[in-house]
Amino acid sequence: MPSHVFADRPAGQPPERGTVDALIDQTRRLLGDVDAVRRDSVDAVPDETAPEARWQRALYELAVHQLSDLDRHLAQLRDGPALRNGVPPQRPAAGPHPGSLVTRVGSADWNLLTDEATWSEELYEILGRDPGSPALTLDELSTVVHADDQPKLTAMVTDCLIDGKPIDGEFRIVRPDDAVRAVHMMGEPVLDADGSTASMWAVVRDVSDLRRSQRAVSETRDSLQRQRHIAQTEHRLAVELQEAVLPPWRGSLRLPHGGPGGLHVAARYLPSSSGTPTGGNWYDALELPDGKTLLTVGDLTGQGVAVTSGMAMLLGAVRGMAVCDTPPAELLGRLGHLLDNAVRPALGSALCCRYDPVDRTLAWAQAGHPAPLLFRDGTGRALTPPQGVLLGATSGARYEQADVQLRSGDVLLLHTDALVPRRGEKAAAGRLLALAPRLARASDAQECVRVVADAVGSGEREDDACVLIARIDS
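For every chain, the first residue of its written sequence is number 1, and the numbers climb from 1 along that sequence. The predicted nature of this model means local features are confined to residues of pLDDT at least 70 and side-chain atom pairs, given and counted, to a pLDDT of 80 or more, with totals for whole chains, interfaces and linings taken over all residues. Note that water and hydrogens are dropped before the side-chain values are worked out from all heavy atoms of the structure.

**Details of the nonpolar core**
Next, step 1: Among the buried residues, those of types Ala, Val, Leu, Ile, Met, Phe, Trp, Tyr and Cys that are joined through side-chain atoms within 4.5 Å form a nonpolar core. Partly exposed residues are those whose accessible area sits between 20% and 50% of the maximum for their type, while under 20% is buried and over 50% is exposed, using a 1.4 Å probe and protein chains only. Ranked by size, the top nonpolar core spans 55 residues in total, and within it Tyr283, Leu295, Leu332 and Leu468 carry the most contacts.
Next, step 2: Here the element with the most residues in this core is helix H7 (residues 305–323); it accounts for nine residues.
Next, step 3: Should any heavy atoms of two residues lie within 4.5 Å, those residues are counted as being in contact. Not counting residues within four places of it along the chain, the set of residues in contact with Leu295 comprises Leu263, Val265, Asp284, Ala285, Leu351, Cys352, Cys353, Leu414, Leu468 and Ala470. Think of it this way: any DSSP run of H or I at least four residues long counts as a helix, any run of E at least two long counts as a strand, and we number them from the N terminus.

**Quick notes on the packing of H7 against helix H8 (residues 328–340)**
Next, step 1: Think of each axis as a best-fit line through the C-alpha atoms, taken over the contacting stretch in the case of a helix, with angles from 0 to 180 degrees between the N-to-C directions. For the pair H7 and H8, interaxial distance at closest approach is 10 Å and the crossing angle is 145°. With respect to the hand of their crossing, H7 and H8 are arranged in right-handed fashion. Of the residues in H8, those touching H7 at Met313, Leu314, Ala317, Val318, Met321 and Ala322 are Leu331, Arg334, Leu335, Leu338 and Leu339.
Next, step 2: Residues were grouped as follows: Ala, Val, Leu, Ile, Met, Phe, Trp, Tyr, Cys and Pro as nonpolar; Asp, Glu, Lys and Arg as charged; and all remaining residues, including Gly, as polar. When grouped by side-chain class, the residues that make up the contact of H7 with H8 number ten nonpolar, no polar and one charged. Crossing chirality is assigned from the near helix's rotation relative to the far helix, an anticlockwise turn below a right angle marking it left-handed and a clockwise turn marking it right-handed.

**Section: helix H5 (residues 150–163)**
Next, step 1: Each helix should span, by expectation, one fewer than its residue count multiplied by 1.5 Å. Helix length check: H5, at 14 residues, gives a terminal C-alpha distance of 19 Å against a target of 20 Å (1.5 Å per residue), a fit within 8%.
Next, step 2: Considered for burial, the residues of H5 that qualify are Leu153, Met156, Val157 and Cys160. Angularly, the buried residues of H5 cover 90° about the axis, an arc narrow enough to put them on a single face. Of the exposed residues in H5, the ones pointing more than 90 degrees away from its buried face are Pro151 and Ile162.
Next, step 3: Buried residues belonging to H5 abut helix H4 (138–141), strand S4 (167–174), strand S5 (180–191) and strand S6 (197–206).
Next, step 4: Looking at the residues trailing H5, positive phi occurs at Gly164, about 70°. This arc is built from the directions going out from the helix axis to the C-beta atoms.

**Digging into the confidence of the model for the protein**
Next, step 1: Looking at the protein, the pLDDT average stands at 83 and 84% of residues meet or exceed 70.
Next, step 2: Considering only residues more than four positions removed or in separate chains, one finds that residues 6–12, a stretch of pLDDT under 50, has seven contacts.
Next, step 3: pLDDT is a per-residue confidence score from the predictor, ranging from 0 to 100. Within the model, pLDDT remains below 50 along residues 83–103, and this stretch shows 50 contacts once partners closer than five positions in the same chain are excluded.

**Focus on a negative patch on the surface**
Next, step 1: Patch members must show over 30% relative accessible area and no salt bridge, and they are joined within 9 Å when carrying like charges or within 5 Å when they are nonpolar side chains of Val, Leu, Ile, Met, Phe, Trp or Tyr. Exposure was quantified through the Shrake-Rupley algorithm and a 1.4 Å probe, taking into account, for residues, occlusion by the shown protein chains and nothing else. Salt bridge, as used here: a side-chain nitrogen of Lys or Arg that lies within 4 Å of a carboxyl oxygen of Asp or Glu. Counting rule for charge: Lys and Arg are taken as positive, Asp and Glu as negative, and neither His nor the chain ends is counted. Charge placement uses NZ in Lys and CZ in Arg. For Asp and Glu, CG and CD serve respectively. On the surface, Asp115, Glu116, Asp139 and Glu140 cluster together to form a negatively charged patch.
Next, step 2: Counting through the fold element by element, Asp139 comes out in helix H4.
Next, step 3: You can call Asp139 exposed: its relative accessible area is 69%.

The following block contains the structure:
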């Protein structure tokens, strides 16, 4: 704010029209660029109700509106003030631009010596008063101010007239139609030759819609931050729950621990590359009381804490029923019944195998899940799957069971359906089967897992995945 204005100082002249016109052209070009970016980045968002989309839309709209108002303010600066009791404007005053956040800036001058007030046409419009009525004096101005804000206006005017402090503040006014608007006032005292306050001038603009737009930006930003915080908290809880439920062993494992014909087992959990929350994938290998081994992988649809909790329930049930010597087909049927009666209905796929090291037979069943891949003598094939629908797809579903004879050196690969990114089941199986020569050269199951993980990569995976490999010992 400049220093106090003196009554005998010549009034400032409007800036050169060419200079302001250049600023107006720049503003309009920037406005067009911002509006184009808004259409491309916000209007193309599929989910317009998402917190981030709402926040971006509100911020872009605020920027567009403020640039529109800057365009109008510069035009008013070029054309000069439109005083009701002064010199007429060079061109008729235009009404507010549709969608503008503020009207044209109004101005006022209060002469303290004659108690006269001079208002611009825009100030009458802002305050909603009849242009034919006399302008309000400083003493009368408080009558249009909201009762709660009258002390604030009185303090600003008093500081200006007595202490020479510039006015720069906002308050609410009540229009004749009872509409409450927020206005921003800036002003200064005008001193006479002996330094006494002769008058006070001020400019006033309606900032109601501007403040409303700013609140919308703030509220959508706060909503977005809350949503992100909730998502981060849920993701952390899901990861912690998943780590608590999945097998504690890392690296490789030999099952059963003694005797010939056992399994050398290794597994890996592969997170998605898209940043989606933790899903309901699981894997497990467990030595059973009768010396056999449980091998299982599965996937519960969805992401987040609720799905991870459901996965924990299913995996716990699988372990419990397997320890009780429940055959794979019967186990899946009971697992489906458990999912049917869950509080939160869901769909899931599962593969359940029971390996007997005595005769090296594998009994297995599947519920809408990719079949195990068997690698032998440098070649591979998918096992023929027995009948089985997705868990939770239908009540009372029954599952068939298949048996396969294994040999020393055979490699079994179990995986969830997202292991190979963006591939159908057959294409995914083909890509994995092509790894047969490399798997045959691997020294152990852990190296087989590394071969698979390196081959499928992680750059395009949209969901979590699991891979479990078991190699038959001699």
